[in-house]
Amino acid sequence: MAAIYSLYIINKSGGLIFYKDYGSAGRMDTNDTLRVASLWHSMHAISQQLSPVLGCAGIELLEADNFDLHCFQSLTGTKFFVVCEPGTLHMENLLKYIYELYTDYVLKNPFYEMEMPIRCELFDINLSQAIQKDRVALLGR
């Protein structure tokens, strides 16, 4: 089973509202995670503007030697991205499932304020279960 190194959720203004590290070898401190989220938001926005294709949604996959970065942007501009092992398949489906969890447990929470950091226990529990589940079972739903 391919490893997911980390998960980021960025609000439409580019602020990091959720970060979870899943045991990657090079752990980052809080400032580094904020920089990565801000940098990704900027690169995503620039790629939309520079693309020769009309209606480009921005970068969806960044492949490097040691990791892949998969991104899903919701209609509201919230970005979900995972850093995972190179060659990991079906991350788009996992990101869409994480978005479903976000809408079910965060946005429907009456105590959550939009664009603010996510602190929702039910979201955390269900997210951990989704990440730990066998990918085949998750994608077969």
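Treat the numbers as computed from the prediction; the structure is a model and nothing was measured.

Quick notes on the rules
- Residues numbered from 1 in each chain as written.
- Predicted model: local features only at pLDDT ≥ 70, side-chain atom pairs only at ≥ 80, totals over all residues.
- Heavy atoms only, no water.
- Patch = residues over 30% accessible without salt bridge, like charges linked within 9 Å, V, L, I, M, F, W, Y side chains within 5 Å.
- Areas by Shrake-Rupley, 256 points an atom, 1.4 Å probe, with all protein chains shown as cover.
- Salt bridge = Lys/Arg side-chain N within 4 Å of Asp/Glu carboxyl O.
- Helix = DSSP H or I, 4+ residues; strand = E, 2+ residues; numbered from the N terminus.
- Polar contact = N/O pair within 3.5 Å; in protein donor to acceptor, adjacent residues only side chain to side chain.
- Expected span 1.5 Å × (residues − 1).
- Buried < 20%, exposed > 50% of the residue type's maximum accessible area, 1.4 Å probe, protein only.
- Core = buried A, V, L, I, M, F, W, Y, C linked by side-chain atoms within 4.5 Å.
- Contact = heavy atoms within 4.5 Å.

Considerations on a nonpolar patch on the surface
Alright, step 1. Together, Leu39, Met43 and Leu62 make up an exposed nonpolar region whose accessible area comes to about 240 Å².
Alright, step 2. For Leu39, the location among the structural elements is in helix α1 (residues 30–50).

Here we look at the side chain of Thr78
Alright, step 1. With respect to the helices and strands, the residue Thr78 is situated in the loop between β4 (68–73) and β5 (79–84).
Alright, step 2. Engagement of the side chain of Thr78 in a polar contact is seen with the side chain of Thr76, the distance being 3.5 Å.

Re helix α2 (residues 91–107)
Because an α-helix packs 3.6 residues into every turn, residues spaced three or four apart end up facing the same way.
Alright, step 1. Compared with an ideal rise of 1.5 Å per residue, which puts 17 residues at 24 Å, α2 spans 22 Å between its outermost C-alpha atoms and is within 8% of the ideal.
Alright, step 2. Every buried residue of α2 is accounted for by Met91, Leu94, Leu95, Tyr97, Ile98, Leu101, Tyr102, Thr103 and Val106.

Here we look at the nonpolar core
Alright, step 1. Grouped together as the largest cluster of nonpolar side chains are 24 residues, with contacts concentrated most on Tyr102, Ile118 and Phe123.
Alright, step 2. Counting only elements with at least two residues in this core, the list comes to β1 (4–10), β2 (16–21), β5, α2 and α3 (121–132).
Alright, step 3. With eight residues, the single largest contributor to this core is α2.
Alright, step 4. Tyr102 has contacts with Ile17, Thr78, Phe80, Leu107, Tyr112, Ile118 and Phe123, leaving out every residue within four places of it along the chain.

Some thoughts on the pattern of salt bridges
Alright, step 1. The final tally for this structure, using the stated rule, is two salt bridges.
Alright, step 2. Asp32 serves as the salt-bridge partner of Arg35, at 2.5 Å between the closest nitrogen and oxygen. Within this pair, Arg35 and its partner Asp32 are both found in helix α1, separated by three residues, close to a single helical turn.
Alright, step 3. For Arg35, a relative accessible area of 52% corresponds to the exposed category.
Alright, step 4. By relative accessible area, which is 27% here, Asp32 ends up partly exposed.
Alright, step 5. Close ionic contact of Lys108 with Asp104 constitutes a salt bridge, the shortest N to O distance being 3.3 Å.
Alright, step 6. Judged by relative accessible area, which is 60%, Lys108 ranks as exposed.

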